[in-house]
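# Structure assessment
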Amino acid sequence: MKIIILGAGQVGGTLAANLASEHNDITVVDQDQDRLRELQDRLDIGTVCGSASHPDILDRAGAEDADLLIAVTSSDEINMVACQVAATLYRTPTKISRIRSSSYTSQSKLFGSDAIPIDVFISPEELVCRYIKRLLQYPGALQVLDFADGKVQLVAVKAYYGGPLVGNELATIREHMPQIDTRVAAIFRRGNAIVPSGTTVVEAGDEVFFIAAKKNVMPVMSELRRGDTRYKRLIIAGGGNIGERLASAVESRYNVKIIERSYDRCRTLSEQLRKAIVLHGSASDHELLAQENIEETDVFLALTNDDEANIMSSLLAKRMGAKKVVTLITNPAYVELVQGGEIDIAISPQQITIGSLLTHVRRGDIYNVHSLRRGAAEALEIIAHGDSRSSKVVGRRLDEIDLPEGVTIGAIVRGDEVLIAHSHLTVASEDHLILFLVDKSKIKAVEKLFSVGFTFF
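Summary of the structure given here. On a predicted model such as this, the values are computed, not experimentally measured, just so you know.

## Observations regarding the overall build of the chain
- Each helix and strand in the chain was counted, giving 15 helices and 22 strands.
- In terms of overall dimensions, the chain is globule-like: its C-alpha atoms have a radius of gyration of 23 Å, near the 23 Å expected for 457 residues.
- In terms of overall dimensions, the chain has C-alpha extents of about 70 × 60 × 40 Å along its principal axes.
- Sequence separation of at least 24 residues holds for 60% of the intrachain contacts in the chain that already meet a minimum separation of 6.
- The distance from the centre of the 51 positive side-chain charges to the centre of the 60 negative ones in the chain is 4 Å.

If you want it as structure tokens, here you go:
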């Protein structure tokens, strides 16, 4: 595909790296020449320096025959104007835009062929907020991802000493839970991926990704780790877009306190929020945290737009007794450093946003894409089409499908029915298959496997 990415920031740069590794023709547009040079040194891409919404700049970037335009600059207005220019002058088939302000996204009439011609808009703040809400729903989970409109979930947990399954083979999970069907899609042990089989022994410290119907997630989690009690008390550091959205979404279910530095912002928050308590101060103020009984807090969430401030306040909160700390980190290098130490969960807004963007970039009927392990692995939801003559998967048992190395099928969703993958299952047309790719370079091979031959047409 010929793709133009507007904006070479964290999201644009990470997206360019993801797509360039899959042999797409990528051009990145930005006003920062140094940033473009840095990307060009690392990646096989084209770059154009200039304002992303200007027609002459889009022309130089090759908008005339581009398949896809992705506008992820830091300005909502530039992103929207760029999509309008691409549609009016170049008839660009697909236009994706990052729009942060809920003032725009709440107005559905603004977007469409007869208004601002954006095919898909993505709000990173909204995506991060939803992601954190799922983590709060399952105490002890490191990652929770929805598939098939929430019918199936892929959950990552760390296996602990004392968990019923630790030290045993995966095959014994059926003995422990004869009524519940689940499948372990992958295990990461000391940073390395293991494609599991029934004889794989779970070790303490393993990061285990399992797939199950939504109603079965909690019982499976209890097999891998000691039971975590439900969260009650949350402290949110940072009353920006993400902090406010999250507090507003969860204040009716949890006891929420939100700490914000700016007095004016505190006043706005106290008017917007109904139940949450708004505190004026710094989240790294030892005295303030002690005063607010940090040792009785179930989850401390550092959600400011400053990585260093988030990391320091999280470390302080953990030292002072917070049971779990969740930290928002925009610099990918920091995520690798801090995850799994004193900071329980490091959240990368880029990876969450990239997963959502990739859903719309992938060829074929890929319905859902989630980036895992800070982008090293991927989970896909893909729809099978055709019949036994035109498709390499439809009409075949799972053990007859020639999957690329490192790719596993975790589940099949057929209508409202969730079928956990077992070798005897046969794939039917229109089934949604959930696949796990330990090596995401195999994505092209997966797309080819699911493509439909000419006999189908």
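## Thoughts on the pattern of salt bridges
- Throughout the structure, instances matching the rule amount to 20 salt bridges.
- A salt bridge links Glu 244 to Arg 265; its shortest N-O distance comes to 2.7 Å. In this pair, Glu 244 is assigned in helix α9 (residues 241-250) and Arg 265 in helix α10 (residues 263-272), connecting sequence segments 21 residues apart.
- Close ionic contact of Asp 387 with Arg 389 constitutes a salt bridge, the shortest N to O distance being 3.4 Å.
- Salt bridges sharing common partners tie together Arg 189, Arg 190, Glu 203 and Asp 206.

## A word on unusual backbone geometry
- Of note, the phi angle at Asp 149 is positive, near 55°, even though the residue is not glycine.
- Among the secondary structure elements, Asp 149 is positioned in the loop between β7 (141-147) and β8 (152-158).

## With respect to the sheet that holds strand β9 (residues 182-189)
- Read across the sheet, 5 strands follow the order β7-β8-β11-β9-β10 without closing on themselves; strand pairing throughout is antiparallel. Across the chains shown, the open sheet's two edge strands, defined by having one partner strand only, are β7 and β10 (192-194). Across this sheet, the average inter-strand angle for adjacent strands is 20°, counted without regard to direction.
- Two strands pair when backbone bridges link them, and β9 and β10 are joined in this way by 3 bridges, in the antiparallel orientation. The residue bridging Arg 189 from the neighbouring strand is Asn 192, located in β10.
- Here helix α6 (residues 124-137) sits on the sheet and contacts β7 and β8; the angle it forms with β7, its principal contact strand, is near 115°.

## Some details on empty space enclosed by the protein
- In the structure shown here, the tally under the stated rule is 2 cavities of 30 Å³ or more.
- Computed from the structure, the largest cavity encloses a volume of approximately 50 Å³.
- Lining the largest cavity we find Leu 135, Leu 136, Tyr 138, Gly 140, Ala 141, Tyr 231, Val 299, Lys 324, Val 326 and Ile 345.
- If you list the elements that add at least two residues to the lining of the largest cavity, you get α6 and β16 (324-328).
- Its residues placed into classes, the lining of the largest cavity shows 8 nonpolar, 1 polar and 1 charged.
- In this structure, the second largest cavity spans a volume of roughly 40 Å³.
- Around the second largest cavity sit Leu 154, Ala 185, Ile 211, Ala 379, Gly 410, Ile 434, Leu 435 and Phe 436, which together line it.
- Broken down by element, the lining of the second largest cavity gets its largest block of residues, 3 residues, from strand β22 (residues 432-437).

## As for the sheet that holds strand β2 (residues 25-30)
- Here we have 6 strands laid out as an open sheet, ordered β3-β2-β1-β4-β5-β6, and parallel in their pairing. Looking at the sheet topology across the chains shown, the edges are occupied by β3 (46-49) and β6 (120-122). When strand polarity is set aside, the average angle formed by the axes of neighbouring strands in this sheet is 15°.
- Where strand β4 (residues 68-71) meets strand β5 (residues 94-98), 4 bridges bridge the pair, whose relative direction is parallel.

## A word on the side chain of Thr 200
- Position of Thr 200 relative to the elements: it lies in the loop between β10 and β11 (207-213).
- Polar side-chain contacts of Thr 200 include one of 2.8 Å to the backbone nitrogen of Ser 197.
- In this structure Thr 200 touches Asn 168, Glu 169, Leu 170, Ile 187 and Ile 194, once residues within four positions along its chain are discounted.

## Concerning the nonpolar core
- Ile 70, Leu 154, Ile 347 and Phe 436 are the most contacted members of the largest nonpolar core, which has 117 residues in total.
- With 7 residues, the single largest contributor to this core is α6.
- Once residues lying within four places of it in the same chain are set aside, the contact partners of Leu 154 are Gln 143, Val 144, Leu 145, Phe 147, Ala 185, Phe 209, Phe 210, Ile 211, Leu 372, Ala 379 and Phe 436.
- The next biggest cluster of nonpolar side chains, apart from the first, holds 22 residues, and it includes Val 29, Ile 57, Leu 58 and Phe 111.

## Examining α9
- For α9, a buried count of 7 out of 10 residues is recorded, marking the element as mostly surrounded by other parts of the structure.
- Taken together, the buried positions of α9 are occupied by Ile 242, Gly 243, Glu 244, Arg 245, Leu 246, Ala 247 and Val 250.

Cut-offs and rules
- Residues numbered from 1 in each chain as written.
- Predicted model: local features only at pLDDT ≥ 70, side-chain atom pairs only at ≥ 80, totals over all residues.
- Heavy atoms only, no water.
- Helix = DSSP H or I, 4+ residues; strand = E, 2+ residues; numbered from the N terminus.
- Rg over C-alpha atoms; globule rule 2.2 N^0.38 Å.
- Contact = heavy atoms within 4.5 Å.
- Lys, Arg positive; Asp, Glu negative; His and termini not counted.
- Charge placed at Lys NZ, Arg CZ, Asp CG, Glu CD.
- Salt bridge = Lys/Arg side-chain N within 4 Å of Asp/Glu carboxyl O.
- Pairing = 2+ DSSP bridges.
- Axes fitted to C-alpha atoms, helices over the stretch in contact; angles between N-to-C directions.
- 1 Å grid on protein atoms, 1.4 Å probe; cavity = no way out; pocket = protein on both sides within 12 Å on 5 of 7 lines; lining within 4 Å.
- Points joined across faces, edges and corners; volume = space filled by probe spheres on them.
- Nonpolar A, V, L, I, M, F, W, Y, C, P; charged D, E, K, R; others polar.
- Polar contact = N/O pair within 3.5 Å; in protein donor to acceptor, adjacent residues only side chain to side chain.
- Core = buried A, V, L, I, M, F, W, Y, C linked by side-chain atoms within 4.5 Å.
- Buried < 20%, exposed > 50% of the residue type's maximum accessible area, 1.4 Å probe, protein only.

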